[in-house]
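Residue strings, one per chain:
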Amino acid sequence: MDTAAIAALRNRPVPAGAHVIDGARRGASDGAVLDVVSPIDGRVLTTIPKGTAEDAGAAVAAARRAFDDGRWSGLAPAARKAVLLRWADLIRAHADELAVLGVRDNGTEITMAYKAEPLSAEATIRYYAEAIDKLSGEVAPTAPGTLGLVHREPAGVVAAIVPWNFPLMIGAWKIGPALAAGCTMVVKPAETASLTLLRLAELALEAGLPAGVLNVVTGEGPVVGAALAASMQVDVLAFTGSGATGRKLLEAAARSNLKRVYLELGGKSPNIVFADAPDLDEAARVSAAGIFRNSGQVCIAGSRLLVERGIHDAFVAKLATAAAAMQVGDPLDPATQAGAVNSEPQLARVLAFVDEARAAGRRIVTGGQRILAETGGTYMAPTIVAGVAQDDRIVREEVFGPVLTVQAFDTEDEAVALANGTDYGLAAAVWTASLSRAHRMVGRIRAGVVHVNTYGGSDLTVPLGGVGQSGNGSDKSLHAFDKYLNLKTAWIKL
Ligand code: NAD
């Protein structure tokens with residue numbers, strides 16, 4: 001990260017955004033725009049098209065044509081790889097620009113955003129590009145006289161609907177395997193974080209991706225997202241965001257063409273600290289980062305701390321110290337550890353959870369309020385709420401802000417019951433020096449990923465997906481290809 005470049009980029013005017021459809025920049029069909037408000041200071045940064053259902057339809061039609069005429073899927077895998085690797089190089093070359101643009105749009109602190117956005121997107125595109133010419137079909141073990149071939153074919157047109165917390169990273173987790181597999185795409189970024197995905201699509205064209213293979217349409221979820229979900233021409237819908245939207249997407253698929261729908265719906269992830277944790281100071285430091293980085297706007301954020309009763313008070317004190325010491329504020333300052341909450345409505349939603357807990361007599365150990373309001377930005381102090389009950393809304397629902405709840409437990413069984421006591425199942429962590437307990441807990445916790453003696457930080461080589469109401473299907477790893485490839489059998493009598 002070049003800190004001088006970041007300083008130079010922070011006030012650079014941002015031209016009005018445009019959809020990328022069929023290889024060209026376009027406004028909305030009716031010319032309408034949405035203001036892009038920066039959470040850094042509440043000022044309007046630029047505009048993006050307020051897309052219409054017609055725009056979504058044009059993008060799907062472009063993706064359909066590009067798929068059906070084989071301009072992408074018909075290339076040799078090694079040729080697709082070459083284009084995607086050129087794109088990865090361009091993303092790397094524009095990493096400072098993409099990182100700053102994204103931070104001005106969504107408020108993530110730059111130290112996290114730089115790695116988690118352009119660098120992660122680059123690595124993801126590269127990973128799937130390099131994999132695509134190493135995947136083979138199968139010859140089934142059939143009886144003599146028959147030959148069973150199992151081909152893997154691209155699934156067709158993929159629509160990806162992406163949230164605002166990590167648009168490039170989460171976008172690339174879907175775009176990388178889908179394009180490498182030979183699919184074509186329409187991507188719908190979130191209203192409050194569209195700018196970097198638009199830029200990414202322009203860089204793809206520069207890298208030689210044929211027109212129509214990757215289209216990006218901005219606008220409101222209930223208009224553009226809903227049109228994609230209802231489309232008869234979309235074969236696969238890949239989504240990250242809220243459960244409420246996920247339900248609508250499943251309904252729309254059922255009402256239209258039964259497209260496959262993959263959902264990543266966030267979590268209410270338990271972070272379980274046993275008294276025999278190898279290093280409680282390290283556990284406190286990593287746990288604070290695991291909930292407060294990006295102001296808690298991380299799908300796997302460790303938002304529920306479960307602590308063995310004997311160390312409860314001491315551990316919560318350590319965490320409170322770590323939380324209060326975190327530098328919150330200007331996300332473009334490299335010293336900042338937690339940037340802005342994404343938008344005014346999101347900040348209001350997060351504060352409402354805390355107010356409800358306060359009104360119910362729960363103990364606000366630290367934080368609990370908006371800060372730096374004089375900047376015009378949307379900032380919130382890292383917040384710890386203790387003395388909560390399992391039925392509290394703040395314990396059961398995804399807050400998606402810098403808010404940690406704390407509960408005490410006495411036994412391993414009780415820890416498991418609390419951990420599994422929500423509708424979600426995305427991530428978890430267990431801190432213990434006992435190898436046996438660690439493995440037992442990995443087996444007993446209902447989640448897509450269980451960290452042991454750490455929180456977060458897993459790389460592309462392993463899948464990320466939820467169980468229960470955290471969703472289905474996995475992003476990352478070679479398993480992600482399964483979502484974007486169909487199996488086809490050729491059964492041949494010899
Ligand atoms: P959301 O589900 O409303 O938005 C996510 C994406 O879906 C956006 O691109 C949005 O435009 C689109 N969308 C919204 N309504 C749609 C519809 N009817 N049809 C099709 N697409 C639609 O989520 P949000 O409003 O951005 O955030 C609300 C909550 O969702 C957060 O507070 C958090 O709990 C959760 N969330 C989770 C993640 C995650 O990584 N799992 C990310 C963002 C938000």
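Residues numbered from 1 in each chain as written. Predicted model: local features only at pLDDT ≥ 70, side-chain atom pairs only at ≥ 80, totals over all residues. Heavy atoms only, no water.

Trainee: Looking at this structure, I do not really get the side chain of Ser303. What am I missing?
Mentor: Take Ser303: it is sitting in the loop between α10 (280-292) and β13 (304-308). Residues contacting Ser303, with those up to four places away along its chain left out, are Lys268, Ser269, Ile291, Val403, Leu404 and Thr405. (Helix = DSSP H or I, 4+ residues; strand = E, 2+ residues; numbered from the N terminus. Contact = heavy atoms within 4.5 Å.)

Trainee: Hey, could you run me through the sheet that holds strand β14 (residues 363-366) in this one?
Mentor: Sheet strands pair via backbone hydrogen bonds, and the direction of the pair is either parallel or antiparallel. With mixed pairing, seven strands are arranged side by side in an open sheet as β14-β17-β18-β13-β12-β19-β20. Each edge of the open sheet carries a strand with a single partner, namely β14 and β20 (449-452). Mean inter-strand twist for the sheet, computed between neighbouring axes without regard to direction, equals 25°. Contacts between helix α14 (residues 412-419) and the sheet are confined to β12 (270-273), β13 and β18 (403-409), with β18 contributing the most and set at about 150° to the helix. (Pairing = 2+ DSSP bridges. Axes fitted to C-alpha atoms, helices over the stretch in contact; angles between N-to-C directions.)

Trainee: Before we go on, may I ask you to explain the site of the ligand in this structure?
Mentor: Taken together, 28 residues lie around the ligand, and Trp164, Lys188, Glu191, Ser242 and Glu398 are the ones closest in. Between Trp164 and the ligand, the recorded distance is 2.6 Å, taken from a side-chain N or O atom to an oxygen atom. Within the side chain of Lys188, a nitrogen or oxygen atom sits 2.6 Å from an oxygen atom of the ligand. Here the ligand loses 88% of its free accessible area of 800 Å² to cover by the protein chains. Going through the elements one at a time, α8 (221-230), β10 (236-240), α9 (243-255) and α12 (344-359) are the ones with two or more residues in the shell around the ligand. Among the elements that line the shell around the ligand, the one with the most residues is α8, at four residues. Broken down by class, the residue content of the shell around the ligand amounts to 13 nonpolar, nine polar and six charged. Looking at which domains feed residues into the shell around the ligand, each of domain 1 (3-265 + 471-493) and domain 2 (270-459) supplies at least three. (Near = heavy atom within 4 Å. Polar contact = N/O pair within 3.5 Å; in protein donor to acceptor, adjacent residues only side chain to side chain. Areas by Shrake-Rupley, 256 points an atom, 1.4 Å probe, with all protein chains shown as cover. Nonpolar A, V, L, I, M, F, W, Y, C, P; charged D, E, K, R; others polar. Domains from an automatic or database assignment.)

Trainee: Would you explain the pattern of salt bridges in this entry?
Mentor: Side chains that carry opposite charge are capable of pairing whenever their charged atoms lie near each other. Per the counting criterion, the structure on display carries 34 salt bridges. Where Asp89 meets Arg126, a salt bridge forms, and the shortest distance between an N and an O atom there is 2.9 Å. Residue Asp89 is found in helix α3 (residues 77-93), and its partner Arg126 is found in helix α5 (residues 110-131); the two are separated by 37 residues along the sequence. With relative accessibility at 44%, the residue Asp89 sits in the partly exposed group. On the accessibility criterion, Arg126 (21% relative accessible area) is partly exposed. Two residues, Glu251 and Arg255, come together in a salt bridge whose shortest N-O distance is 3.7 Å. Placement of both Glu251 and Arg255 in helix α9 is noted, with a separation of four residues, approximately one turn of the helix. Judged by its relative accessible area of 45%, Glu251 is partly exposed. (Salt bridge = Lys/Arg side-chain N within 4 Å of Asp/Glu carboxyl O. Buried < 20%, exposed > 50% of the residue type's maximum accessible area, 1.4 Å probe, protein only.)

Trainee: Can you help me understand helix α4 (residues 95-106) in this one?
Mentor: Spacing of three or four residues puts side chains on the same side of an α-helix, whose turn is 3.6 residues. In this model, α4 (12 residues) spans 16 Å end to end at C-alpha, consistent with the 16 Å of a helix rising 1.5 Å per residue. The element α4 is largely enclosed, with a buried count of 11 among its 12 residues. Ala95, Asp96, Leu98, Ala99, Val100, Leu101, Gly102, Val103, Arg104, Asp105 and Asn106 are the residues of α4 that are buried. One or two positions beyond α4, positive phi appears at Gly107, with a value near 90°. (Expected span 1.5 Å × (residues − 1).)

Trainee: Can you walk me through the packing of helix α2 (residues 53-68) against α8 in this structure?
Mentor: Helix-helix packing is described using two parameters, namely the angle between the two axes and the distance between the axes. Between α2 and α8, whose axes approach to 8 Å, the crossing angle comes to 40°. If you check the angle between α2 and α8, you find them oblique. Crossing of α2 over α8 shows right-handed handedness. Between α2 and α8, the contacting residues are Ala53, Ala56 and Val60 on the first element and Val223, Val224, Ala227 and Leu228 on the second. In terms of residue class, the contact of α2 with α8 is built from seven nonpolar, no polar and no charged. (Parallel < 35°, antiparallel > 145°, perpendicular 65-115°, else oblique. Left-handed = near helix turned anticlockwise from the far one by under 90°.)

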